[in-house]
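# Secondary and tertiary structure notes
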Number of protein chains: 2
Amino acid sequence: MPSCFPAELVSRTGFLLARLGMALKMRTMDAFEAEGFSAYHYSVLALLAEGPRTAQAVIAESLQLDPSYLVALLDGLEERGLVERRRDPNDRRRQTVAVTAAGKRRLAAFRTVVQRIEDEFLEPLDEDERRELHDLLLRVGAHRDAHFVVPVASKS
Amino acid sequence: MPSCFPAELVSRTGFLLARLGMALKMRTMDAFEAEGFSAYHYSVLALLAEGPRTAQAVIAESLQLDPSYLVALLDGLEERGLVERRRDPNDRRRQTVAVTAAGKRRLAAFRTVVQRIEDEFLEPLDEDERRELHDLLLRVGAHRDAHFVVPVASKS
DNA sequence: TATTGTTATACTCTATAACTATA
DNA sequence: TATAGTTATAGAGTATAACAATA
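Our subject in this report is the structure included herewith. (Residues numbered from 1 in each chain as written. Chains lettered and ligands numbered in written order. Predicted model: local features only at pLDDT ≥ 70, side-chain atom pairs only at ≥ 80, totals over all residues.)

## Digging into the relation of the copies chain A and chain B
Overlay of chain A on chain B (RMSD 0.0 Å): rotation 180°, translation along the axis 0.0 Å. Here the transformation between the copies is reduced to the relation of a two-fold axis. For chain A, the residue whose C-alpha comes nearest the rotation axis is Gly-21 of chain A, separated from it by 2.1 Å. (Least-squares fit on C-alpha atoms with pLDDT ≥ 70 in both.)

This is the structure in structure tokens:
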């Protein structure tokens, strides 16, 4: 007897968004965990690949992570030689964090993982529909949180 | 200095879906908690409003909840007179659970809460776009989990 | 012996707070 | 005295496992 969610919930966009978002998050976390990483390791590498950061607090703010949790993430990445921490000589409290060559290779591997998960998850949608979904979600995100608004960006 | 997420993440539909889904879930949980309820209380009432269930295990399966967690949810609802548990005379292990009149009123109140949250969250989208978003999400959900597939249903 | 509901336990994730070293 | 990073602690939420009653 394969029962299903109440029709009332399925009719709510908010329920679908929350439920599917959670499912995708957990699936992603599991995939990274299976390789001995956290999905947050990916987000840190992705951020640093767009340029080194001059303080851990900047990374934490960008990714909306707790600074104390970021410490453990960076420890894990540094142990494996994927990022480097270097003290700022002018203010020895701060550290500049940068991705290494090995980190960039690992990032490439991470990309294939998230791409595969996303492809599986969005399988029923064609390319146009995925673009449409992305556009809708981005507008929702940008409206409520400036973190989703990526500057027009002149490439370095 | 209002920094933002890495462009790589924002460009990923999966990231947006997971991130926004989590945000909406937390927002919803907070709103219900502020009224002394859990968001799961809403889902239980919504389910029972579509017809009583002949065993708690059926409810747990429908809502994809752990049976032991459902016990606490039903306790809370029953204490406030929002649902009734009645032992099945034929099999005294089972209980039929049904929503009460007070439960239906509470459900109506819950609906205004989730509607308000959803309206706030989806504010930048017009009606057509919300429908489009709902359609896309539903197709994604239905493809990976039969729980999202509501039978065509001849109304009782 | 198996199943329904219940209670008790353990574990993960995260949020908060305390600590050190530099300024 | 304030700040950057680190470490330690505590809490919520959830998953697992043991238990009692009935079949």
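## Describing the protein's contact with DNA strand C
Every one of the 15 residues lining DNA strand C counts as a neighbour, but Arg-92 of chain A together with Ala-55, Ala-57, Ser-68 and Arg-93 of chain B are closest to it. Counting residues per element, the ones that place at least two in the surface near DNA strand C are helix H4 (56-63) and helix H5 (67-79) of chain B. Per-class residue counts for the surface near DNA strand C are five nonpolar, four polar and six charged. (Near = placed C-beta within 6 Å. Helix = DSSP H or I, 4+ residues; strand = E, 2+ residues; numbered from the N terminus. Nonpolar A, V, L, I, M, F, W, Y, C, P; charged D, E, K, R; others polar.)

## Here we look at the packing of helix H3 (residues 39-49) of chain A against helix H6 (residues 101-121) of chain A
When two helices pack together, their arrangement is given by the angle between the helix axes and by the axis-to-axis distance. Residues and elements named next belong to chain A. With their axes 10 Å apart at the nearest point, H3 and H6 run at an angle of 125° to one another. In this view, H3 runs oblique relative to H6, as classed from their interaxial angle. Taken as a pair, H3 and H6 cross one another with a handedness that is left-handed. Every residue of H6 that contacts H3 at Tyr-42, Leu-45, Ala-46 and Ala-49 is listed here: Gly-103, Lys-104, Arg-106, Leu-107, Phe-110 and Val-114. Within the contact of H3 with H6, the residues separate by chemical class into seven nonpolar, one polar and two charged. (Axes fitted to C-alpha atoms, helices over the stretch in contact; angles between N-to-C directions. Parallel < 35°, antiparallel > 145°, perpendicular 65-115°, else oblique. Left-handed = near helix turned anticlockwise from the far one by under 90°. Contact = placed C-beta atoms within 7 Å.)

## Thoughts on the environment of Leu-47 of chain A
Relative to the helices and strands, Leu-47 of chain A is located in helix H3. Since 23 C-beta atoms lie within 10 Å of it, Leu-47 of chain A is described here as buried. Each C-alpha atom, one on Leu-47 of chain A and one on Arg-87 of chain A, is 19 Å from the other, the two residues being 40 residues apart in sequence. Residues in contact with Leu-47 of chain A, not counting those within four places in the same chain, are Ile-59, Ser-62 and Leu-63 of chain A together with Pro-6 of chain B. (Buried ≥ 20, exposed ≤ 12 C-beta atoms within 10 Å, placed from the backbone.)

## Here we look at the interface of chain A and chain B
On the chain B side, the residues contacting the 55 residues of chain A number 55 residues. Elements that contribute at least two residues to the side of chain A that touches chain B include exactly helix H1 (7-10), helix H2 (13-34), H3, helix H4 (56-63), H6 and helix H7 (127-144) of chain A. Take the side of chain A that touches chain B: its biggest share by element is twelve residues, from H7 of chain A.

## Focus: H3 of chain A
Residue and element names in this part refer to chain A. Most of H3 is tucked away: nine of the eleven residues are buried. Among all positions in H3, only Ala-39, His-41, Tyr-42, Ser-43, Val-44, Leu-45, Ala-46, Leu-47 and Leu-48 are buried. Note on H3: the residue one or two positions beyond its end, Gly-51, has a positive phi of about 130°.

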